[in-house]
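# Descriptive analysis of the structure
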Amino acid sequence: MSDPVLFSVDKEVAVITLNRPDKLNAFNRQMAMALQSCLDDCADKSIRCIYITGAGKGFSAGQDLAEVTEPDGPGMAKILAEHYNPIITRLRNLPKPVVAAVNGVAAGAGANIALACDIVVASSGASFMQAFSKIGLIPDSGGTYFLPRLVGHQKAIALMMLGDKISATEAERLGMIYKVFDEEEFAEKSLQLAHQLGAMATLGLAYTKLALNASAENTLEQQLQLEDELQQKAAASNDFAEGVQAFLEKRAAIFKGN
Ligand code: T3D
């Protein structure tokens, strides 16, 4: 049996590929645990950006529905607590950018795992579906947190109640995702974006992520205070010194991520 998640390192970028293509990369327990383990490996300092995509024609169809009915399966009680929630918290807490490269359909938990990533790009042939309502469930994997913040309450509740499948272009128009690339150049362009992020000032990007994650809950006063603290840390980094030096010398900066 092939690995449910493939992991490789391409220079400073960790490439994570969800790999159950016959099931549109639907998540079973083995795949959820493997993804958690790969994300843990991304703590390594040499990794400065994480790129997550799917093998075959889908990104992920969410929970493997066959597993839910298996008598020896993990059972509903464990699925969120042990599979999805630890994935979402890892994605949000990793102090480096995470790119979701949505190559095809992203449904259910598959859609919401993508939305939990920092930058979501999609192939022109991809689609997004809050499939939960179609089977009598509620949206999970952080969907009820992220989607209304991205597209507003009205669009979020309609998408979640109706379970409509929307195109990548529509998702971009709604502000759900950052950008759509044509199918033919998707793999190259999306990976290029990850390499661009991986060559940037990693600490600065990590503090940017931290500040934006906190802004959903903070008051303006708290946010100003947080920006002050984080900016002082960013200003103490070698990459800031290099950024300023490079600007003054009219050359491209060479950031090392520290
Ligand atoms: O405890 C809990 O379960 C809580 C956790 C919930 C998290 C969730 O994610 S709940 C939502 C689960 N996902 C879904 O309900 C989506 C189900 N899939 C679909 O609606 C459709 O497959 C898609 C719209 C995503 C794609 O449609 P299409 O026509 O492109 O592909 P297809 O023919 O339906 O699927 C291709 C194969 O993948 C097919 O297998 P086969 O017949 O060729 O052997 C299909 O059965 C399989 N597949 C697709 N999605 C799943 C799946 N197998 C298991 N689980 C799936 N989710």
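Here's what I pulled together on the structure shown here. All values reported here derive from a predicted model rather than from experimental measurement.

## Topic: the site of the ligand
Close to the ligand lie 23 residues, the nearest being Ala61, Gln63, Leu65, Met76 and Ala109. Between the ligand and the protein, one listed contact pairs a nitrogen atom with a backbone N or O atom of Gln63 at 2.7 Å. Between the ligand and Ala109, the relevant distance is 2.8 Å, taken from an oxygen atom to a main-chain nitrogen or oxygen of the residue. Burial of the ligand by the surrounding chains reaches 66%, relative to a free accessible area of 1100 Å². Every element with two or more residues in the shell around the ligand is listed here: helix H2 (65-69), helix H3 (76-93) and strand E6 (105-107). Here the residues of the shell around the ligand sort into 15 nonpolar, 3 polar and 5 charged.

## Quick notes on the sheet that holds strand E9 (residues 165-167)
Spatially, E4-E6-E8-E9 is the arrangement adopted by the 4 strands of the open sheet, whose pairing is mixed. With one partner strand each, in any of the chains shown, strand E4 (58-60) and E9 form the two edges of the open sheet. For this sheet, the mean inter-axis angle between neighbouring strands, taken without regard to orientation, is 20°. Bridge count between E4 and E6: 2 bridges; the pairing is parallel. Looking at the pairing, Gly58 lines up with Val105 of E6. Across the sheet, helix H4 (residues 109-116) lies against E4, E6 and strand E8 (127-129), angled at about 100° from E6, the strand it touches most.

## A closer look at the nonpolar core
One finds Ile50, Ile52, Val102, Phe128 and Met176 to be the most contacted residues of the largest nonpolar core, which totals 48 residues. Leave out the neighbours within four places in its chain, and Phe128 touches Val102, Ala106, Val120, Ala122, Asp164, Lys165, Ile166, Ala168, Ala171, Met176 and Ile177. Cys49, Val99, Phe181 and Leu193 belong to the second largest nonpolar core, which has 12 residues in total.

Thresholds, definitions, all that
Residues numbered from 1 in each chain as written. Predicted model: local features only at pLDDT ≥ 70, side-chain atom pairs only at ≥ 80, totals over all residues. Heavy atoms only, no water. Near = heavy atom within 4 Å. Polar contact = N/O pair within 3.5 Å; in protein donor to acceptor, adjacent residues only side chain to side chain. Areas by Shrake-Rupley, 256 points an atom, 1.4 Å probe, with all protein chains shown as cover. Helix = DSSP H or I, 4+ residues; strand = E, 2+ residues; numbered from the N terminus. Nonpolar A, V, L, I, M, F, W, Y, C, P; charged D, E, K, R; others polar. Pairing = 2+ DSSP bridges. Axes fitted to C-alpha atoms, helices over the stretch in contact; angles between N-to-C directions. Contact = heavy atoms within 4.5 Å. Core = buried A, V, L, I, M, F, W, Y, C linked by side-chain atoms within 4.5 Å. Buried < 20%, exposed > 50% of the residue type's maximum accessible area, 1.4 Å probe, protein only.

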